[in-house]
Amino acid sequence: MNPKTTPDERFLFKLYETAMSGGDPHALIDYRGVAKAVGIKETAIKNIIKHLAQANFIKKGEETTIFLTERGCDFVLDHQKNS
């Protein structure tokens, strides 16, 4: 992975990868496991989720679940295409 990626980007990429492992890029995913996988602490991840939701990259589900929006998927796919 590019060393210049931000924690927000690393989280989005891992979220997409996790969702796609089940075959659905818009699947509800528990964000805690994704955050742990990319090494982001719980206090930081709550701010990241808030900002990603405001930018319409993700939507919140129940409790600790989130899912990627079309815009979030497009961002990840564009990044993969341009890497």
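Remember, it's a predicted structure, so these values are computed and weren't measured experimentally. (Residues numbered from 1 in each chain as written. Predicted model: local features only at pLDDT ≥ 70, side-chain atom pairs only at ≥ 80, totals over all residues. Heavy atoms only, no water.)

K.L.:
Can you help me understand the side chain of Thr5 in this one?
P.N.:
Relative to the helices and strands, Thr5 resides in the segment before helix 1 (7-21). Setting aside chain neighbours within four positions, we find Thr5 in contact with Arg10, Phe13 and His79. (Helix = DSSP H or I, 4+ residues; strand = E, 2+ residues; numbered from the N terminus. Contact = heavy atoms within 4.5 Å.)

K.L.:
Explain helix 1 to me, please; I cannot follow it from the model alone.
P.N.:
Along an α-helix, residues three or four positions apart point the same way, because every turn accommodates 3.6 residues. Taking 1.5 Å per residue as the helical rise, helix 1 with its 15 residues ought to reach 21 Å, and the 21 Å between its terminal C-alpha atoms agrees with that figure. Within the span of helix 1, buried status applies to Phe11, Leu12, Phe13, Leu15, Tyr16 and Ala19. Where helix 1 terminates, the next one or two residues include Gly23, which has phi positive at roughly 90°. (Expected span 1.5 Å × (residues − 1). Buried < 20%, exposed > 50% of the residue type's maximum accessible area, 1.4 Å probe, protein only.)

K.L.:
Would you mind showing me how to read the pattern of salt bridges here?
P.N.:
Oppositely charged side chains can pair when the atoms bearing their charge come close. Scanning all chains against the criterion turns up four salt bridges. Where Asp30 meets Arg32, a salt bridge forms, and the shortest distance between an N and an O atom there is 2.6 Å. For Lys81, the salt bridge is made with Asp78, and the minimal N-O distance between the two is 3.9 Å. Remark: Asp78 and Lys81 occur in helix 4 (residues 70-82); sequence separation between them is three residues, near one turn of the helix. Overall, Asp78 belongs to the partly exposed group, its relative accessible area being 39%. (Salt bridge = Lys/Arg side-chain N within 4 Å of Asp/Glu carboxyl O.)

Nothing here speaks to function; it is all geometry.
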